Amino acid sequence: MAQWTSAVGAAQLARQLKAQHDRPAGPNSRRPPAYRALAEGVRLLVLEGRVPVAARLPAERELAVALSVSRTTVAAAYEALRAEGFLESRRGAGSWTAVPAGSPLPARGLEPLPPEALGSMIDLGTAALPAPEPWLTRGVQGALEELPRYAHTHGRYPAGLLALRQTVADRYTARGIPTMPEQIMITTGAMGAIDAICQLFAGQGERIAVESPSYANILQLMRQAGARLVPVAMAEGLAGWDLPRWRQVMRDAAPRIAYVVADFHNPTGALADDDQRRQLVDAARSAGTVLVVDETMVELPLDDGLEMPRPVCAFDPAGSTVLTVGSASKAFWAGLSIGWVRAAPEVIRSLVSARAYADLGTPVLEQLAVNWLMRSGEWEDAVAFRQGQARGNRDAMVAAVREQLPDWEFAVPRGGLTLWARTGGLSGSRLAEVGERVGVRVPSGPRFGVDGAFEGYVRLPFTVGGPVAAEAATRLATAARLVRGGAGTGTDTPKSFVA
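Residues numbered from 1 in each chain as written. Predicted model: local features only at pLDDT ≥ 70, side-chain atom pairs only at ≥ 80, totals over all residues. Heavy atoms only, no water.

1. Quick notes on the overall build of the protein chain
The test is simple: Only DSSP runs of H or I covering at least 4 residues are called helices, and only runs of E covering at least 2 are called strands; the numbering of each starts at the N terminus. Categorising residues by exposure relies on relative accessible area from a 1.4 Å probe, with only protein chains included: less than 20% of the type maximum marks a residue as buried, more than 50% marks it as exposed, and the intermediate range marks it as partly exposed. Contact criterion: two residues are considered in contact whenever any of their non-hydrogen atoms come within 4.5 Å of each other. Note on areas: Shrake-Rupley, 1.4 Å probe, and residue coverage restricted to the protein chains presented here.
Counting its secondary structure elements, the protein chain contains 16 helices and 15 strands. Within the protein chain, buried positions represent 54% of all 499 residues. By sequence separation, contacts in the protein chain at least 24 residues apart represent 76% of the contacts at least 6 residues apart. A total of about 20,300 Å² of accessible surface is found on the protein chain, and carbon and sulfur atoms cover 53% of it.

2. Brief notes about the environment of G456
Topologically, G456 is positioned in the loop between β14 (440–441) and β15 (457–461). For G456 and L431, which are 25 residues apart along the polypeptide, the C-alpha to C-alpha distance reads 9.6 Å.

3. Notes on the environment of R402
Tracing the sequence through the fold places R402 in helix α14 (residues 378–404). Sequence-wise, R402 and A473 are 71 residues apart; in three dimensions their C-alpha atoms are separated by 8.9 Å. Residue contacts for R402: discarding those within four places in its chain leaves F410 and V412.

4. Observations concerning the packing of aromatic side chains
What counts is decided by this rule: Stacked, tilted and edge-to-face pairs are distinguished by plane angle, under 30 degrees for stacked and over 60 for edge-to-face with tilted covering the rest, among Phe, Tyr and Trp rings (Trp via its six-membered ring) whose centres lie within 6.5 Å. Only when the NZ of Lys or the CZ of Arg is both within 6 Å of the ring centre and within 35 degrees of the ring normal is a charge said to sit over the ring.
The tally for this structure, following the rule as stated, stands at seven aromatic pairs. Ring centres 5.6 Å apart and planes at 75° place the aromatic pair W420 and F448 in the edge-to-face group. Of the two residues, W420 sits in strand β13 (residues 418–422) while F448 sits in the loop between β14 and β15, which places them 28 residues apart along the sequence. The exposure classification of W420 matches that of F448, with both residues buried. Arranged with centres 5.7 Å apart and planes meeting at 70°, the rings of W420 and F454 form a pair that is edge-to-face. One end of the pair, W420, is in strand β13; the other, F454, is in the loop between β14 and β15, and 34 residues separate them in sequence. Of the two residues, W420 and F454, neither departs from the other in class, the shared state being buried. In this structure an aromatic cluster arises from ring pairing among W420, F448, F454 and Y457. Lying over the aromatic face of F315, R310 brings its terminal NZ or CZ to 5.0 Å of the ring centre.

5. Re the sheet that holds strand β8 (residues 228–233)
Stated formally: Strand pairing requires that DSSP identify at least two bridges connecting the strands. To obtain each axis, a line is fitted to C-alpha atoms, and for helices this fit is confined to the stretch in contact; angles are then taken between N-to-C directions over 0 to 180 degrees.
Ordered by their spatial adjacency, seven strands build an open sheet running β6-β12-β11-β10-β9-β7-β8, and the pairing between neighbours is mixed. With one partner strand each, in any of the chains shown, β6 (184–188) and β8 form the two edges of the open sheet. Each neighbouring strand pair of the sheet contributes to a mean axis angle of 25°, computed without reference to strand direction. Relative to strand β12 (residues 338–342), β6 is paired through five bridges, and the arrangement is antiparallel.

6. Concerning the confidence of the model for the protein chain
Worth spelling out the cut-off: Residue-level confidence of the predictor, termed pLDDT, takes values from 0 up to 100.
On average, residues of the protein chain carry a pLDDT of 88, and 89% of them reach 70 or more. The model gives residues 489–499 a pLDDT under 50, and that stretch makes 23 contacts with residues more than four places away or in other chains.

7. With respect to the pairing of β8
The cut-off we apply is this: Handedness of a crossover is defined as follows: orient the strands so they point away from the viewer, and if the path from the first strand over the helix to the second runs clockwise, the crossover is right-handed.
Here strand β7 (residues 207–212) pairs with β8 via six bridges, running parallel. Bridge pairing in β8 links I208 to L229. Handedness of the crossover is the feature at issue here: the chain leaves β7, passes through helix α9 (residues 216–224), returns alongside β8, and the resulting connection is right-handed.

8. Description of the side chain of T167
How we decide: Here a polar contact means two N or O atoms within 3.5 Å. Within protein one must be a hydrogen donor candidate and the other an acceptor candidate, and residues neighboring in sequence count only if both atoms are side-chain atoms.
Mapping T167 onto the fold places it in helix α7 (residues 162–174). The exposure class of T167 is buried, given its relative accessible area of 3%. One polar contact links T167 to R375, side chain to side chain, over a distance of 2.8 Å. Dropping the residues within four chain positions of it, T167 is found in contact with N371, M374 and R375.

In structure tokens form, the structure reads like this:
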């Protein structure tokens, strides 16, 4: 009986490996033998979760053709992987990926570091800040006072509490977008909102156009839903959205959904202007594509005097094209896990009906806490505090990286929580691996792309500041030196994957 549960095609694996191989080597780096480089490339893909564990790899001859190398090279690489515990084989069943005994299974998304590991590891993997106090405590206390009104019910509200739906609708109305509570569904975070949208609009095999790069966890959610991702390249720096390319993709590929982060894009930090927003909506409407707009970062402008553009849904007054997703996670605290969808009432009804087969509703206490904060005015104070935190962290991180890693290139975003850095020709995958050995956790660029793109990038969130940001940059510089000197390639299993 075969032990593999999925398969990786030769062409797909070759694209992912080529992206690693094509990174320019540093002046003092050592090029390993071809078979060793191939084995190392596959091992990195497995450790980062970009090739799943228990995935059947192509036959030796098939992969050799795709990579334009000899079959002997592939056979030697597979043998090295078997010796290290990253590959298992059985005659007649092929070879499939594995991890050494006792090692945790790698994840394909961006998971928060366990709290018990925070003492020894600087975690730059998650773009989320600690809870703002005393506002969280006040919100929970206010929620507890209102809870008895709801405790006598079954507690299931598939569309969300009417009080919070009204509050969220009022906030859109205050932004110049008249909205009724019937246009709002409360969800379990932004991920819950986008998952519900994908389930309703994008079945198995449907095309979804995504920014390239884009938010790693959303890309993985869409892959698991069986979607076919169509990447649309972002412009360099903070220029943002290539509208001619978007129009071409929507016209030629006819994606069912297009997913964009127009407000302080994750990971680049770009901010779409009014004209880009208008053109995105027009292109989606012409193609019959549902435009899903992620607003989770919209409340985090960091530069004084920055005038925010109009919401994307302002360019779709009928509500037939744009579905807007919001969340309390970035502006307030991810631990509340409260998100929402704004759409036409008939779309909300369909989403609510489909939800009956998923989670049946979002926890009541957390909804009451967010509603209390927004209704009391405490939300604005907490968000202002959060902006100050993020601004200080951003400035500290930018200064530290410029000092410790002067060859890294990046544009400083005017808001949001993420910095997208080009790593001076080094492999982001190897930096991420070696970084964990030296005590800093950073996500590599390929997690934010499709089929191995962005190997030369890492994402740095504004989650630490002051001396911690300086130490994080110091550890990244150490990792960069090790990678540049060849220590990022070898046969040893990284310590962070040894139980």
